[in-house]
Amino acid sequence: MSRRAPVGLSRRGLLGGGAALAGAAGAFAVGRESSHAGSGPASAGDVRQASYAFRGEHQAGITTPAQDRLHFAAFDVVTDSRDDLVDLLQRWTDAAEQMTRGEPTGAGAVDGDVNLPPDDTGEALGLPASGLTITVGFGPSLFRDADGRDRFGLADRLPAALRELPHFPGDALDPARSGGDLCVQACADDPQVAVHAIRNLARLGFGAVSVRWSQLGFGRTSTTSTSQSTPRNLFGFKDGTANVKAEEAAALDEHVWVGADDDPAAGWLTGGSYLVARRITMHVETWDRQTLGDQESFVGRTKGTGAPLSGGDEQTPPDFDMPGSDDQPVIPVDSHVRVVHPDQHGGVRMLRRGYNFVDGSNALGGLDAGLFFLAYVRDPGTHFVPVQLAMSKHDAMAEYLQVTGSALFAVPPGAAPGEHLGQALFA
Ligand SMILES: C=CC1=C(C)c2cc3[nH]c(cc4nc(cc5[nH]c(cc1n2)c(C)c5CCC(=O)O)C(CCC(=O)O)=C4C)c(C)c3C=C
Ligand SMILES: [Fe+2]
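Every chain begins its residue count from 1, and numbering advances along the sequence as written. All chains are assigned letters beginning with A, and all ligands numbers beginning with 1, in the order in which they are written. Per-residue local features of the predicted model are confined to residues with pLDDT of at least 70, and side-chain atom pairs are confined, for both listing and counting, to 80 or more; whole-chain, interface and lining totals are unaffected and use all residues.

Okay, the overall build of the protein next. In DSSP terms, a helix is any run of H or I states spanning at least four residues, a strand is any run of E spanning at least two, and both are numbered starting from the N terminus. What the protein contains, in helices and strands, is 11 helices and 10 strands. Exposure classes come from backbone-placed C-beta atoms, where a residue is buried if 20 or more other C-beta atoms lie within 10 Å of its own, exposed if 12 or fewer do, and partly exposed in between. Residues counted as buried form 47% of the 427 residues belonging to the protein. Here, residue contact means that the backbone-derived C-beta atoms of the two residues sit within 7 Å. Taking all contacts inside the protein whose residues are at least 6 apart in sequence as the whole, residues at least 24 apart take part in 72%.

The next thing to look at is the confidence of the model for the protein. Each residue carries a pLDDT score, the predictor's confidence in it, ranging from 0 to 100. The predicted model of the protein averages 90 in pLDDT, with 89% of residues at 70 or higher. The ipTM, which scores confidence in the relative placement of chains, is 0.99 for this predicted complex, and the corresponding pTM is 0.91.

Among the 6 residues of strand β2 (residues 133–138), 6 are classified as buried, and the element is accordingly described as predominantly covered. Burial of β2 is two-sided: the residues Thr133, Thr135 and Gly137 facing one way and the residues Ile134, Val136 and Phe138 facing the other way are all buried. Any two strands with at least two DSSP-identified bridges between them are counted as paired. The pairing of β2 with strand β3 (residues 182–188) spans 6 bridges and is antiparallel. Paired with valine 136 across the two strands is valine 184, which belongs to β3.

Moving on to the UniProt feature "domain: Dyp-type peroxidase N-terminal" (unreviewed entry) in the protein. The feature "domain: Dyp-type peroxidase N-terminal" (unreviewed entry), as given by UniProt, occupies residues 59–218 in the numbering adopted here. Structurally, residues 59–218 is divided into 21% helix and 19% strand, and its ends, taken at the C-alpha atoms, are 22 Å apart. UniProt positions are given in the numbering used here, feature names are shortened, and annotations may be inferred rather than shown by experiment.

As a rule of thumb, non-glycine residues mostly have phi less than zero, and peptide bonds are mostly trans rather than cis. Non-glycine residue aspartate 326 carries a positive phi angle of around 55°. The exposed category is assigned to aspartate 326, around which 5 C-beta atoms lie within 10 Å. In this structure, aspartate 327 is a non-glycine residue whose phi angle is positive, near 60°. Within the fold, aspartate 327 resides in the loop between α7 (292–299) and α8 (336–339). For aspartate 327, a count of 6 C-beta atoms within 10 Å corresponds to the exposed category.

Time to look at the UniProt feature "domain: Dyp-type peroxidase C-terminal" (unreviewed entry) in the protein. According to UniProt, the positions carrying the feature "domain: Dyp-type peroxidase C-terminal" (unreviewed entry) are residues 230–415. Secondary structure over residues 230–415 splits into 20% helix and 22% strand, and the C-alpha atoms at its two ends are 30 Å apart.

Quick look at the packing of helix α3 (residues 82–100) against helix α4 (residues 191–204) now. Taken N-terminus to C-terminus, the directions of α3 and α4 make an angle of 155°; their axes are 10 Å apart at the nearest point. Regarding the angle of α3 to α4, the classification is roughly antiparallel. Crossing angle aside, the handedness with which α3 passes α4 is right-handed. Of α4, the residues touching α3 (which contributes Arg91, Trp92, Ala95 and Met99) are Ala197, Asn200, Leu201 and Leu204. Each residue is assigned to one class: nonpolar for Ala, Val, Leu, Ile, Met, Phe, Trp, Tyr, Cys and Pro, charged for Asp, Glu, Lys and Arg, and polar for all the others, Gly among them. For the contact of α3 with α4, the per-class residue count stands at 6 nonpolar, 1 polar and 1 charged. Simply put, an axis is a line fit to the C-alpha atoms, just over the touching stretch for a helix, and the angle between two N-to-C directions goes from 0 to 180 degrees. Put simply, angles under 35 degrees are roughly parallel, angles over 145 are roughly antiparallel, angles from 65 to 115 are roughly perpendicular, and the rest are oblique. Should the near helix be turned counterclockwise from the far one by less than a right angle, the crossing is left-handed, whereas a clockwise turn marks it as right-handed.

A few words on the environment of leucine 421. Secondary-structure assignment places leucine 421 in the loop between β10 (401–411) and α11 (423–426). Sequence spacing of leucine 421 and aspartate 94 is 327 residues, and the spatial spacing of their C-alpha atoms is 9.5 Å. Each residue touching leucine 421, except ones within four places of it in the same chain, is listed here: Leu89, Trp92, Thr93, Val136, Pro412 and Ala415.

Moving on, we get to the site of ligand 1. All residues are tested the same way: a C-beta atom is placed from the backbone, and lying within 6 Å of a molecule or strand makes the residue near it. The environment of ligand 1 is made up of 27 residues, and the closest members are Phe237, Thr241, Ala242, Leu371 and Gln388. Elements with a contribution of two residues or more to the shell around ligand 1: β6 (273–282), α8, β9 (367–377) and α10 (385–394).

Looking now at α7. An α-helix turns once per 3.6 residues; consequently, residues spaced three or four apart project the same way. Of the residues making up α7, those classed as buried are Ser297, Phe298 and Val299. Tucked into the core, α7 has its buried residues touching α8. Of the residues flanking the end of α7, it is glycine 300, one or two places downstream, whose phi is positive at about 95°.

Mapping arginine 149 onto the fold places it in the loop between β2 and β3. A tally of 11 C-beta atoms within 10 Å means that arginine 149 is categorised as exposed. Sequence separation between arginine 149 and methionine 350 is 201 residues, and the spatial gap between their C-alpha atoms is 32 Å.

Here α3 spans 27 Å end to end across 19 residues, near enough to the 27 Å set by a 1.5 Å rise per residue. Turning to α3, its buried residues are Leu85, Leu88, Leu89, Trp92, Thr93, Ala95, Ala96, Gln98, Met99 and Thr100. At its buried positions, α3 is contacted by β1 (69–77), β2, α4 and β4 (209–217). Looking one or two places after α3, you find glycine 102, whose phi comes out positive at around 90°. The length a helix should cover is 1.5 Å for every residue beyond the first.

As structure tokens, then:
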């Protein structure tokens, strides 16, 4: 009996008196409304106490203030049974709701029968919710697999926009880091909490799904709320300045959420979004040998403040007409921010939610480093593909990048009380 924790003990409960004491002193911000701590919280406890509601109109983990850590996994469905797939989504929904509350999955890690493997793997016991969000998406191959098979009777519900992304110039895609029938994005302010979430969902899915590929991210490269400060990517530049933010309701409706009339085949996706995932290797050693002036010209913003090269501060809109030297504009025509700017693409915007990664070193002894680019868009065909194409062809920064993994997912709306994720797809 001594190996068992008291019945009903939650991760939060295991925090014990320390958290209670700090809470009483007003040092911790607990709960959804008070959790917008940004990248420079007063203490680690500020953000780790945050917990976000799992259920809602939209899935959490899109407009939620971007957490600092990511574990992303793409799964292959290994069963042909539609019932087993629905059952998995039900069990994932239940487990995700528990974990985002800071609780272990099922009957917990230490409360069950000592003669059986515990429901929960246990490594997050004692850790608070840490702002965990779990966001689930469906890949094109869930609707029709590579052999054209409609394994789950979903082919007539395939959204027109959910087709494999084209091969872009310069892509060097590894099939083992691309595609997937399902995806789970787990974001948290504690890496152990994010990894615990993916590990337990993968474990729950044994027999129904297997992990196809996964990616850890150690630092956010976006801001998704005006309350957050702008972090830096591995080129050392502020990243996320001009992102679509949670406070921009009209922009979210226009550029991120799928509308009711967007696709007659995909009414089930109303209120959802599309998630573009791109593993982008950054040749950081080569970049580091470029002059500061050249680096800033490649980006189109200053490295220090993130202000556009046309002047002002970080939030000043770029002036692409301002002349520079040699009859060239001061923000070069091949700079990243000009090439991808909404002005060049009919006004389309995206909600970027990417993460820095370093996956050890490469064959040349350099860092296998980069940016795991994640972007939520209303329609990848209009909001991502043309932008990526322009970047591949015209962006000076692209010389320092190589896309090594790629996937697209339809992200259903949030689950209402009593529903499982993606319920409308299977109705
Ligand atoms: C196809 C879309 C994009 C990819 C892929 C992409 C990769 C990428 N970006 C940076 C660094 C920065 N990007 C910045 C802005 C920015 N990037 C995109 C799109 C893609 N980036 C957009 C739409 C924007 C916003 C443009 C605007 O509206 O002004 C910036 C500037 C700061 C900011 O606004 O976030 C930086 C820096 C890297 C390093 C990278 C691939 C590794
Ligand atoms: Fe960018």
